[in-house]
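Residue-level structure breakdown
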Amino acid sequence: MPIDLRAIGDQYVKDEFHRHKSASPEAAKHFMKEWENYRDTLQTQVLEAVGNKKLAFGTDLPEQKLKDFQDEQIGQLYELMLESTKPNRQFHIQEDSPPT
């Protein structure tokens, strides 16, 4: 995964887990199930992208799931979409290169 998208994703995951620290057991179970599904999808996509020049990550969000979102979640999803599709992201991250 491109390092800049990974950085956005890492921060988003931290924020999401922080938001759900005090969730009910039922909400926490649903949250974890969705994150595990996301992890599995992303892992499959990363493995498929190895050797390909075109990287594509994510999946379409079914309308029914979108209807279940709260307004705050819709806002977060929109902000994430804006950040992840910026042509010039607000920060520049480089992977560590091996010492020469």
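One numbering rule holds for all chains: residues counted from 1, following each sequence as written. For a predicted model such as this one, the threshold for reporting local features is a pLDDT of at least 70, and the threshold for listing and counting side-chain atom pairs is 80 or more; totals across whole chains, interfaces and linings nevertheless cover every residue. With hydrogens and water stripped out, all remaining heavy atoms of the structure feed into the side-chain values.

- Looking up the chain in an unreviewed UniProt entry gives the name Succinate dehydrogenase assembly factor 3, with the organism given as Astyanax mexicanus.
- The heading Subcellular location (unreviewed entry) in the UniProt record of the chain holds the text "Mitochondrion matrix".
- UniProt positions are given in the numbering used here, feature names are shortened, and annotations may be inferred rather than shown by experiment. The annotation that UniProt attaches to the chain under Sequence similarities (unreviewed entry) is "Belongs to the complex I LYR family. SDHAF3 subfamily."

**Quick notes on the overall build of the chain**
- Segments assigned H or I by DSSP are reported as helices when at least four residues long, segments assigned E as strands when at least two residues long, and all are numbered from the N terminus. Along the chain, the regular secondary structure elements total four helices and zero strands.
- Within the chain, the proportion of its 100 residues that are buried is 11%.
- Whether two residues are in contact is decided by their heavy atoms, any of which lying within 4.5 Å being enough. Pairs at least 24 apart in sequence give 51% of the contacts found in the chain among residues at least 6 apart.
- Only the protein chains shown count as cover for residues, with accessible areas throughout obtained via the Shrake-Rupley method and a probe of 1.4 Å. Within the structure as shown, the chain displays about 8,600 Å² of accessible surface, and the carbon and sulfur contribution to it stands at 53%. For every residue, the accessible area obtained with a 1.4 Å probe (protein chains only) is divided by the maximum for its type, and the residue is called buried under 20%, exposed over 50%, and partly exposed between those limits.

**What about helix α2 (residues 25–49)?**
- In a helix, the anticipated span is given by 1.5 Å times the number of residues less one. Here α2 is 25 residues long and its end C-alpha atoms lie 36 Å apart, about the 36 Å a rise of 1.5 Å per residue gives.
- Inspection of α2 places Phe 31, Trp 35, Leu 42, Gln 45 and Ala 49 among the buried residues, and these make up the whole buried set.
- Just downstream of α2, Gly 51 is the residue with a positive phi angle, here 90°.

**Here's the deal with the environment of Leu 66**
- Among the structural elements, Leu 66 can be located in helix α3 (residues 63–67).
- If sequence neighbours within four positions are ignored, Leu 66 has contacts with Leu 61, Ile 74 and Leu 77.

**A look at the pattern of salt bridges**
- Any carboxyl oxygen of Asp or Glu within 4 Å of a side-chain nitrogen of Lys or Arg constitutes a salt bridge here. Here the structure, examined in full by the defined rule, presents four salt bridges.
- In this structure, Lys 67 engages Glu 63 in a salt bridge whose closest nitrogen and oxygen atoms are separated by 3.7 Å. You can see Lys 67 and its partner Glu 63 sitting in helix α3, four residues apart, about one turn around the helix. No difference in accessibility class separates Lys 67 from Glu 63, as the two residues are exposed.

**Focus on the packing of aromatic side chains**
- Side-chain rings of Phe, Tyr and Trp (the six-membered ring for Trp) are treated as a pair once their centres are within 6.5 Å; stacked means planes under 30 degrees apart, edge-to-face means over 60, and tilted covers the remaining angles. For the coordinates displayed, the defined rule picks out four aromatic pairs.
- With 5.9 Å between their ring centres and 35° between their planes, Phe 17 and Trp 35 make a pair best called tilted. Residue Phe 17 is found in helix α1 (residues 3–19), and its partner Trp 35 is found in helix α2; the two are separated by 18 residues along the sequence.
- Where Trp 35 meets Tyr 38, the ring centres are 5.3 Å apart and the plane angle is 90°; that geometry is what we call edge-to-face. Taken together, the positions of Trp 35 and Tyr 38, both in helix α2 and three residues apart, correspond to about one turn of that helix.
- Among the aromatic residues, ring-to-ring pairing joins Phe 17, Phe 31, Trp 35 and Tyr 38 into one connected group.

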